[in-house]
Structure formats: structure tokens, C-alpha cells
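Survey of secondary and tertiary structure
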There are 4 protein chains.
Amino acid sequence: MTTPNKVTDLFNQSVDDSDLSAKQKSVLQASLTLFSEKGFDRTSTSDIAKLANVSEGTVYKQFKTKEGLLHAILTPAIQQVVPKIANDFLTELLQNNNTDFKDFLKWLAQDRMTFAVENQAQLRILIQEIARSDGMFKRLGDTFMGKIAVHANTLFQKYQDNGQLIQWPMPRIARYIASAIMGYILPVILRNDHNLDIAQSSEEVAEFLYRGLKP
Amino acid sequence: MTTPNKVTDLFNQSVDDSDLSAKQKSVLQASLTLFSEKGFDRTSTSDIAKLANVSEGTVYKQFKTKEGLLHAILTPAIQQVVPKIANDFLTELLQNNNTDFKDFLKWLAQDRMTFAVENQAQLRILIQEIARSDGMFKRLGDTFMGKIAVHANTLFQKYQDNGQLIQWPMPRIARYIASAIMGYILPVILRNDHNLDIAQSSEEVAEFLYRGLKP
Amino acid sequence: MTTPNKVTDLFNQSVDDSDLSAKQKSVLQASLTLFSEKGFDRTSTSDIAKLANVSEGTVYKQFKTKEGLLHAILTPAIQQVVPKIANDFLTELLQNNNTDFKDFLKWLAQDRMTFAVENQAQLRILIQEIARSDGMFKRLGDTFMGKIAVHANTLFQKYQDNGQLIQWPMPRIARYIASAIMGYILPVILRNDHNLDIAQSSEEVAEFLYRGLKP
Amino acid sequence: MTTPNKVTDLFNQSVDDSDLSAKQKSVLQASLTLFSEKGFDRTSTSDIAKLANVSEGTVYKQFKTKEGLLHAILTPAIQQVVPKIANDFLTELLQNNNTDFKDFLKWLAQDRMTFAVENQAQLRILIQEIARSDGMFKRLGDTFMGKIAVHANTLFQKYQDNGQLIQWPMPRIARYIASAIMGYILPVILRNDHNLDIAQSSEEVAEFLYRGLKP
DNA sequence: CATGAATGAGTGTTCATTCAT
DNA sequence: AATGAATGAACACTCATTCAT
């Protein structure tokens, strides 16, 4: 039931296939690296220019401001990539009635963990931004909910009707699923650790969640 | 089974009862507010001086550097308050054999949620620092584990012997408990939200965890 | 027997013909003026920027630190210009066996006095630095000795063999020559006086030294 | 013909026997040490307070400003001590017709070298100040000349009449004597070297000067 | 007298941003 | 499009000096 991790593909697509010149791509890459390593505020545009092997002026040609660079990195991950994928797989799931709830949980965990590991750099930046501004977290939550709520609702309903899912309100269920998976992902990202046994971890968390959420 | 939240007391003690002058306390308060609101890097020492109604020189008299201020705010929360409390209550629990596992979970959730709500500002800053530097998360984890691992181990063992707790390795159990509680705390802190129904939330999360972790 | 004073030429070359922009040259000029007038420590980078008619940032673009500016001014005088010239003229002298010792003394005095008068600003700064740090004086002496000792030794030997120079050890002879010339140069530099009758002064000092150093 | 070095005595007198409290003397000592080691500008009043083991306020009680401290250290050396001694011994000499010129030179060298070695710290500071401001050198020269010129003139006249001293104008003679002795003193002070063989050095320089200045 | 907290102007330095080439 | 010199407003931090205790 594993699906190819389209997230990275989509992100890379938005970088590679864009109309950006090689230099601009280099700027974006350097920013991603440095923002992730040292944080947005502690990264200077001169650092970026140096790492990207371009002039300081070039950094500003495409991305008008330093914040523009941040958005260029974060926006695809937030506004497009995440919900799009989510949408895709939920839709897919909804059309497949037979899927066992535990399998779904495992698949979900696996999918999100893969995404996290493959996009650690961006996620580190995202987490820093979330920690900094009130707005970001709310906006992120709203975006996500707005695009998934309906589908997730339907899906959970199905599992509840199936007798595979406890009769708790949807947000409560979502919260437990999300936080349990986060419990595996966050330490990996925050420790800049690249070793996560996704197969076992997703199996484990699915087992726990299944026990906690079955009627 | 609720214990008074000693955390805030201890923290405030270290601020109020210290040998700091009124101006220095004011500096600390202003830093706490601004670091929490805008983040460490985006807060200038001039901002702090203005809010604290002191001169810039005063900011540096006691806390030699800006980072010194950060440490003055964070250290009590990290090095002393958190582990001490944890230690206290765990010792207490160990001496009380009769406590039901679910009650323990509820108590734990309640205790940590209260702590979180009462120390939102510091925790926002802490989260920002965690997100910024690899080191912080690791150090935090090590400190915490070093001080609690033994007691928690014994406690969980007891519940496992009781037949109230599934036979999973301790870290796995701890991870689920921590992340489920975090699932309530983090949104509150990151949204700068002051409304958390601790009574109900702790009841809820204890219920879920109990279901997921009973044999 | 007068040689053109190549010192200033060389120094100016390193300033004017360098790859420095007009603004950077202006920064160097302003620094030279201010360091010489008020001393390194009492000259602020803002003063320099104002006098040079550039922004403060410009001061730091080329010369990474304030000390960098000092080095940019002093290094050519110390490391290259002085010994190089000294070397040049000594070599020249060595090839001219017939020169009378008194003529040599006069020529030397003239040459050094001209150098001093034409490089008063740099020398004022150099003297200030010598007065400030132990290291500078030693380093300067070592550099100078390392490059000249051999040639001077040979030269003095020749005059001693000629019967024109007393049989004292070389350092003692050098000390008297140097200090007598310094006796004319230092007051001029320290008083920021631009009137030194080099012709007469060199004649005078040569006469005195000749009397004191003939066998 | 050696006289006890009254210089240091006089200076110490002005420090020790003054109406200064122990703390104030400590401040003066600390300033002397630090000004000499790091220079006036690079010594902070807080450094002085720390080394003197007093509060910052105390530094300002007696010596209203930082410059006041500098003057308290330099003034005795400049305005009183130096010329007073010179005056004393010159008067003495004038009354003693028989003294040989070479002996006088030797005595003078010895006296000044002893003074220099015993007052290195103050002289380092003095040299730094001379190097910094035009005024200082001129003032120093004027003070010195104003107090000694007459006596020295008479003395030299005597030696010239004796047939022991060449018929050059007084300033020229003084210049050679001063710079030759300086040729021994300056390197010692600037290198912070405490080893000067005064007996031999004064013998040496007297020999040279005698040769250079005899008719 | 002595203290040391407090001041606030000033320092060297950085950095996002602009623009002539 | 790309460069990099130039900008100038910040910034973290220092320091001579004051003054209430």
C-alpha cells in the first residue's frame, strides 16, 4: 500500500522545473541549507551569496527580499505540496472501502514519516517559523484543516460505521493520530538525525493507535 | 491526587527572591515578554531597555550579554524546575503503590498541562531555541532522561507487574505518553492561547492513553 | 650622491595603483590623516567615514576591521618599503668602494631625513604603535636587522679596514648613528613640524658622527 | 660622582606622603600599571577599579576624571621631578670647576639611565602621550629648556672655555648628548626590558660623546 | 568616605538592500 | 542578467561618569 513519496518530487519540481536560472536555483539551495542549519535570522544574505557562489545582487534579483527567499522555500511545502498530497491520498483511500483501519494507520504513518525524513531541511525551517510567529501555526492549521477536514471526516465516519473506530469527535481522533506520529518525527528532525526505521516505527505507532482508537 | 504546581513557584522564586534589583527584575520580565513574543533574534537589547524602562547599560550590568539574558530565563526552567518536579512526583508515586494507572496518567497530564499553561512564555522561548540548535534538544533530552529514567523505569515496571501496563519497552511507552500530552500542550503554546480546559483535557488524554497502553 | 626618495613612491604606488576604488583610497587617506592626528584609539570609524565622505559600511567593505585599516597603512611602511629601500641603497654603496665614510654618513642622514619628512604621517602612527605594544618594537627591530645586518656589517668592515671607522662592534656603531639621526628626526615628527633643513642637518650630524667614530 | 637617584624618591614622596588614603594610592598604583601596560585609551576605569580593589565611584572621588588620573601620574614626572633634579645637579656642577667633561658625560648618562630604569612605567606612559599629542612634546621641551637652558649654557661655556668642548651652539651639543643617551634608554623602555648594564653603557656613551664633542 | 547600580552617548561592526556598470 | 561596491540604519556592547545610599 506504499505510495511513492510525491512530496519531494513536487517540491523539487517547483524548484528544478521552474523558470529559475541555474544561479537562482543555487541561491534557493543555499538558502535551504543555511536556513535549516542556522535559522533564518542568523543567516545573512551574504552567507547565502557565498555558498551559492553568486553575487549579493543576484540573491535579490529574483527574490526581492530575504523574506521572499523564505517564502519561496516554505510556500510550496505549505500551500501546495502538503495539502495536495494529503488530498490525493485521502481521495484514493475513500474510493477503497476495504482498507483495514490499522493498515490505514500504518500507511499514514509511513507516508508522513517518509515525507518528514525526505524534507527534513524544509521542516526544520518550518518549525522555526511556527515557533516564532503566532500566525504561522494558525494559518498552517487552517490551511490543512480547510483542505482535509471534509475528506478526513468522511473517512473516519466510514471506519466508525465499520465498527473499527471509536465514536469520538473527529478533532480528538485526529489529534491523537497526529501527535503519536509526531512523537516519532519531531525527535528525528530536531536532532538532525537521519536514521529512522520507518517500517518498524510505522508498524509500532499503528499498533498503539489502533489499540487506543478501536471501540 | 492533584499536587500544587510547584513549577511556577520555583521559577518565580528564582526571579523575585533573587538578589536582583527592581530594575534587573524589570529587565528579566521585559526579556521574557519580548523573547516570547518576537523571538530572541528579533528582540534588540534596545527594545528590552525601552520596555523595562531602564538604560541599555543596565541591561548589560547584570546579564553580561544578550545570551546571558536568555540563559537567565531558560536555565531555571530547564536545569532545575522541570527535572526537580518530575523527580519529586515520581518519588511520591513510587511510595504509593495503590495508585491506579489511569489515575496516574490523568495526574501526569494535569500536572504537565498546568505547568505548560503557567509557563507559556518561557516554553515558547524554549521551543524556539530547540528549533534553532541541534544541541539544545539533545541536551534537554539527556538532562531529562538522566534524572527521570530510573524512577520512571521502576514505576512502569510496577504497573507492568500489576497487569495495568502493556509489556513494551520503557522508551516506547514514554514516547506515547509524552506525545499525547504534547498534542494538547503544543497547540496552546504555539497559538499563544490561554484557554485550555485542563480538567477535561487530562481526563480525555488519560482515557486514550489508558486504552492504548493497557495489556 | 643623493638618490631619489623611492620610499614615498613605493608607498603611494601601493595606495594609488592598487585595485582599490576611489572611495577606498579616500578611506585610507582619511585614516592616515586621523590616526596621525588623533591616534588610533581616539579615531572612530565614524570619523573616518565622515572625513572620507563615505558611509560607515564602506569603511568595512575592504578593511574588515579598524585594525585592518591600521595594518593597511603600516604594513607597506614596515614590511616592504623600509627594508627594501635600505637594502637597495646599501647594496649600491657596497659596489662603490671609493665612498668616503663621512660622505656615507651625510648621505645616510639625508636619505633618512627625507624619508621621515615625506612620511611624517605614517611615522607618527608607527611611533604611537611602538609606544603602545611591546611586540611592535621588537618585531620592527628584528625585521630591520634581519634584512640589513649582513650588508651593514660588510660595509662597516670595509670602513674599518680603510682606517676610517673605529674598531667598535657593529651594534654599538649602528646605535650611535641611528640615535644621532633620530635626534633630528624625532623632534620634527613629534612636533608635526615640516621645516627641517635637511641639507644642513645632515651635514651637521655627519660631522659629529665622523668625529665620534673615526679611529 | 654618583648621586643617589632622587627622582624616584621624589616621585614616591608625592604619592606616598600625599594626603591620599590607602585606597586612593591603590587607585594610582593600578592606573600606573595599567596605563603603562595597555596604554591610556585601552585602560578602562572599571579595569582600574578592579585591580585597585575599590569601587568605580572611588576612582572618581579624588581624580575627577580619567584624564585627572593621567595627570596625577605624569605631572610629578614632568613638571617637578625631572627639571628639579637636573637643576640640582647642574647647580652643583657649576660650583665645582674641576670636573672633567668626560666624567660629567658619564655621570649624566648614568643618572638618566638610572632614572629611566627606575621609572620605566611612567616613562612608557609619557612616551605614549608624547606620541599622541603635538602639545605634550612641545610643552615638555619648553618646560625642560626653560628650567635648564641657563644653567646648561653656563656649564657648556665653562667646558668650552676649558678647551674640553667644541665651539658648537648649545642646542646642537645638547641634541647629541640627549640622543646618544636616548639611544640606550629608549630600546630598554620600549622593549619593557629591565636589564641595562648602566655602568658599562654610561662608560660607552660617554666615550663616544667625548670623542665627538672634544674640540 | 566609599559604594556600585544606573546612565546614555558612543563604539566597532553587521547586514539587508540598492544601483551603476 | 549578473555583479559587487556602496549605503545607512541597526545592533550588541562598552565606558566614563554620576549619585542615592
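Residues numbered from 1 in each chain as written. Chains lettered and ligands numbered in written order. Predicted model: local features only at pLDDT ≥ 70, side-chain atom pairs only at ≥ 80, totals over all residues. Heavy atoms only, no water.

Considerations on the overall build of chain A
Helix and strand counts for chain A stand at 10 helices and 0 strands. Start at the N end of chain A and walk to the C end: the helices and strands fall as α-α-α-α-α-α-α-α-α-α. Of all 215 residues assigned to chain A, the portion counted as buried reaches 51%. Counted over contacts in chain A with a minimum sequence separation of 6, partners at least 24 positions apart contribute 74%. Counting every atom, chain A has about 9900 Å² of accessible surface; 52% of that belongs to carbon and sulfur. (Helix = DSSP H or I, 4+ residues; strand = E, 2+ residues; numbered from the N terminus. Buried < 20%, exposed > 50% of the residue type's maximum accessible area, 1.4 Å probe, protein only. Contact = heavy atoms within 4.5 Å. Areas by Shrake-Rupley, 256 points an atom, 1.4 Å probe, with all protein chains shown as cover.)

Thoughts on the protein's contact with DNA strand F
Lining the immediate environment of DNA strand F, one finds 31 residues, of which A:Thr58, B:Tyr60, C:Thr58, D:Thr45 and D:Tyr60 sit closest. Of everything in DNA strand F that lies within 4 Å of the protein, sugar and phosphate atoms constitute 63%. Between a phosphate oxygen of DNA strand F and a side-chain N or O atom of C:Lys23, the distance comes to 2.9 Å. Per element, the largest residue contribution to the surface near DNA strand F is 4 residues, and it comes from helix 4 (residues 56–62) of chain A. Taken together, the residues of the surface near DNA strand F break down into 4 nonpolar, 18 polar and 9 charged. (Near = heavy atom within 4 Å. Polar contact = N/O pair within 3.5 Å; in protein donor to acceptor, adjacent residues only side chain to side chain. Nonpolar A, V, L, I, M, F, W, Y, C, P; charged D, E, K, R; others polar.)

Observations concerning the interface of chain A and chain B
The interface of chain A with chain B comprises 40 residues on the first partner and 40 residues on the second. In this assembly, chain A packs against chain B so that about 3500 Å² is buried in total across both faces, 56% of it on carbon and sulfur atoms. The largest per-residue losses of area from chain A upon contact with chain B belong to A:Arg132, A:Phe208 and A:Arg211, which jointly make up 20% of the total buried on that side. Residue B:Glu67 is joined to A:Arg42 by a salt bridge in which the shortest nitrogen-to-oxygen separation is 4.0 Å. Between the two partners, chain A and chain B, sit 18 residue pairs in polar contact (both at pLDDT 80 or more). Residue assignment for the side of chain A that touches chain B shows that the elements contributing at least two residues are helix 2 (22–38), helix 7 (120–132), helix 8 (134–162), helix 9 (170–190) and helix 10 (198–213) of chain A. Considering only residue class, the side of chain A that touches chain B consists of 18 nonpolar, 6 polar and 16 charged. (Buried area = accessible area lost by both parts, 1.4 Å probe. Salt bridge = Lys/Arg side-chain N within 4 Å of Asp/Glu carboxyl O.)

A short note on the side chain of C:Gln164
All names here are of chain C. Checked against the element boundaries, Gln 164 lands in the loop between helix 8 (134–162) and helix 9 (170–190). For Gln 164, a relative accessible area of 16% puts it in the buried group. Residues contacting Gln 164, with those up to four places away along its chain left out, are Thr 99, Asp 100, Phe 101, Tyr 159, Leu 213, Lys 214 and Pro 215.

Re the protein's contact with DNA strand E
The environment of DNA strand E is made up of 31 residues, and the closest members are A:Thr45, A:Tyr60, B:Thr58, C:Tyr60 and D:Thr58. Among all atoms of DNA strand E positioned within 4 Å of the protein, those belonging to sugar or phosphate total 63%. Between DNA strand E and B:Gln24 there is a distance of 3.1 Å, counted from a phosphate oxygen to a side-chain nitrogen or oxygen. Elements with a contribution of two residues or more to the surface near DNA strand E: helix 4 of chain A, helix 2 (22–38) and helix 4 (56–62) of chain B, helix 4 (56–62) of chain C together with helix 2 (22–38) and helix 4 (56–62) of chain D. Here the element with the most residues in the surface near DNA strand E is helix 4 of chain D; it accounts for 4 residues. Here the residues of the surface near DNA strand E are counted per class, giving 4 nonpolar, 18 polar and 9 charged.

So, the packing of aromatic side chains
Summed over the entire model, instances satisfying the criterion amount to 38 aromatic pairs over all chains. Through pairs of rings, three or more aromatic residues link up here, namely A:Trp168, A:Tyr176, A:Tyr184, A:Phe208, B:Trp168, B:Tyr176, B:Tyr184 and B:Phe208. Lying over the aromatic face of A:Trp168, A:Arg172 brings its terminal NZ or CZ to 3.6 Å of the ring centre. (Phe/Tyr/Trp six-rings, centres within 6.5 Å; stacked < 30°, edge-to-face > 60°. Lys NZ or Arg CZ within 6 Å of the ring centre and 35° of its normal.)

Quick look at the interface of chain C and chain D
In this complex, chain C contributes 40 residues to the contact, which on the side of chain D involves 40 residues. Taken over both partners, the interface formed by chain C and chain D buries close to 3500 Å², and the fraction arising from carbon and sulfur atoms is 55%. Of the charged contacts in the structure, one is a salt bridge between C:Glu207 and D:Arg172, with a shortest N-O distance of 3.0 Å. At the surface where chain C touches chain D, the tally comes to 18 residue pairs in polar contact (both at pLDDT 80 or more). Contributing elements (two or more residues each) for the side of chain C that touches chain D: helix 2 (22–38), helix 7 (120–132), helix 8, helix 9 and helix 10 (198–213) of chain C. The element that contributes the greatest number of residues to the side of chain C that touches chain D is helix 9 of chain C, accounting for 10 residues. When its residues are assigned to classes, the side of chain C that touches chain D shows 18 nonpolar, 6 polar and 16 charged.

A few points about the pattern of salt bridges
Within this structure, the stated rule accounts for 36 salt bridges over all chains. With its nearest N and O atoms 3.2 Å apart, the salt bridge here joins A:Glu203 to A:Lys106. One end of the pair, A:Glu203, is in helix 10; the other, A:Lys106, is in helix 6 (residues 101–118), with 97 residues separating them in the sequence. Residue C:Lys38 pairs with C:Asp47 through a salt bridge whose shortest N-O separation is 2.9 Å. Of the residues examined, C:Asp47 reaches a relative accessible area of 24% and is grouped as partly exposed. One continuous salt-bridge network, built from bridges that share partners, spans A:Asp41, A:Glu67, A:Glu129, A:Arg132 and B:Arg42.

Some details on the relation of the copies chain A and chain B
Superposing chain A onto chain B takes a rotation of 180° combined with a translation of 0.1 Å along the rotation axis, leaving an RMSD of 0.2 Å. Taken together, the rotation and translation describe the operation of a two-fold axis. Scanning chain A for the C-alpha nearest the rotation axis identifies A:Gly212, at a separation of 1.9 Å. The share of interface residues of chain A whose copies in chain B are also at the interface is 100%, consistent with both copies meeting through the same surface. (Least-squares fit on C-alpha atoms with pLDDT ≥ 70 in both.)

Some words on the relation of the copies chain C and chain D
For the pair chain C and chain D, the best superposition has an RMSD of 0.2 Å and corresponds to a rotation of 179° with a translation of 0.1 Å parallel to the axis. Mapped onto chain D, 100% of the interface residues of chain C again fall at the interface, so both copies present the same surface.

Comments concerning helix 9 (residues 170–190) of chain B
All names here are of chain B. Its 21 residues place the ends of helix 9 29 Å apart at the C-alpha level, agreeing with the 30 Å of an ideal helix rising 1.5 Å per residue. With respect to burial, helix 9 is a largely interior element, 15 of its 21 residues being buried. Positioned one or two residues after helix 9, Asn 192 has a phi angle of 55°, which is positive. (Expected span 1.5 Å × (residues − 1).)

Comments concerning helix 10 (residues 198–213) of chain B
The end-to-end C-alpha distance of helix 10 of chain B, which contains 16 residues, comes to 21 Å, matching closely the 22 Å that a straight helix rising 1.5 Å per residue would cover. Taken together, the buried positions of helix 10 of chain B are B:Ile198, B:Ser201, B:Ser202, B:Glu204, B:Val205, B:Ala206, B:Phe208, B:Leu209, B:Arg211, B:Gly212 and B:Leu213. Of the surrounding elements, those touching the buried residues of helix 10 of chain B are helix 9 and helix 10 of chain A together with helix 6 (101–118) and helix 9 of chain B.

Considerations on the UniProt feature "DNA-binding region" (unreviewed entry) in chain A
Cross-referencing UniProt, the feature "DNA-binding region" (unreviewed entry) maps to residues 44–63 of chain A in the present numbering. Here residues 44–63 of chain A runs as 75% helix and 0% strand, with 14 Å between its end C-alpha atoms. (UniProt positions renumbered as here; feature names shortened; annotations may be inferred.)

A short note on unusual backbone geometry
One non-glycine residue, B:Asn192, adopts positive backbone phi at about 55°. Considering the arrangement of structural elements, one finds B:Asn192 in the loop between helix 9 and helix 10. Not every positive phi belongs to a glycine, and D:Asn53 is a case in point at roughly 60°. The exposure class of D:Asn53 is exposed, given its relative accessible area of 67%.

Some words on the environment of B:Asn53
By the secondary structure assignment, B:Asn53 is in the loop between helix 3 (45–52) and helix 4. In this structure the C-alpha to C-alpha distance between B:Asn53 and B:Ala30, which are 23 residues apart in sequence, comes to 9.1 Å.

A word on the environment of D:Arg139
All names here are of chain D. The topology assignment puts Arg 139 in helix 8 (residues 134–162). Owing to a relative accessible area of 47%, Arg 139 belongs among the partly exposed residues under this scheme. Separated by 61 residues in the primary sequence, Arg 139 and Ile 78 have C-alpha atoms spaced 9.5 Å apart.

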